[in-house]
Amino acid sequence: MPGSADIFKMINRDELSHVRLFQKLIPEAMQVFTHSVDQIYEMFNTAVEHECKWTNHIVGNNILGITEYSTEQYTKYLAVRFV
């Protein structure tokens, strides 16, 4: 399918921009809103749960070598690197 590689590159670039944004945003929010650190962690955990559910809905166990468990573990691994 012509153009598929370009589409995947754009999606990857978009996702990486989100990662970079939140790598900067969350630690900054924790410094500025020191009284709300517990709420920030709670919000972050909720976001990770939603991301896992969405990924499993979209990908599931339908790609050879990728399982719901592996995508959930990878998402949580990335999340731990943020905080």
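See the structure shown above.
This one's a predicted model, so the numbers in the text were calculated from it and none came from an experiment.

Conventions we followed
- Residues numbered from 1 in each chain as written.
- Predicted model: local features only at pLDDT ≥ 70, side-chain atom pairs only at ≥ 80, totals over all residues.
- Heavy atoms only, no water.
- Core = buried A, V, L, I, M, F, W, Y, C linked by side-chain atoms within 4.5 Å.
- Buried < 20%, exposed > 50% of the residue type's maximum accessible area, 1.4 Å probe, protein only.
- Helix = DSSP H or I, 4+ residues; strand = E, 2+ residues; numbered from the N terminus.
- Patch = residues over 30% accessible without salt bridge, like charges linked within 9 Å, V, L, I, M, F, W, Y side chains within 5 Å.
- Areas by Shrake-Rupley, 256 points an atom, 1.4 Å probe, with all protein chains shown as cover.
- Salt bridge = Lys/Arg side-chain N within 4 Å of Asp/Glu carboxyl O.
- Expected span 1.5 Å × (residues − 1).
- Contact = heavy atoms within 4.5 Å.

Grouped together as the largest cluster of nonpolar side chains are seven residues: Ile-26, Met-30, Ile-40, Phe-44, Val-48, Cys-52 and Ala-79. Examining the composition of this core, we find that four residues originate from one element, helix H2 (residues 37–58), more than from any other.

Taken together, the side chains of Ile-7, Phe-8, Met-10 and Ile-11 make up a nonpolar region of the molecular surface, amounting to roughly 430 Å² of accessible area. Structurally, the position occupied by Met-10 is in helix H1 (residues 4–32). Judged by its relative accessible area of 46%, Met-10 falls in the partly exposed class.

This next bit is on H1. With 29 residues, H1 extends 42 Å from end C-alpha to end C-alpha; this agrees with the ideal 42 Å at 1.5 Å per step. Within H1, the full set of buried residues consists of Ser-4, Ile-26 and Met-30. Here the buried face of H1 lies against H2.

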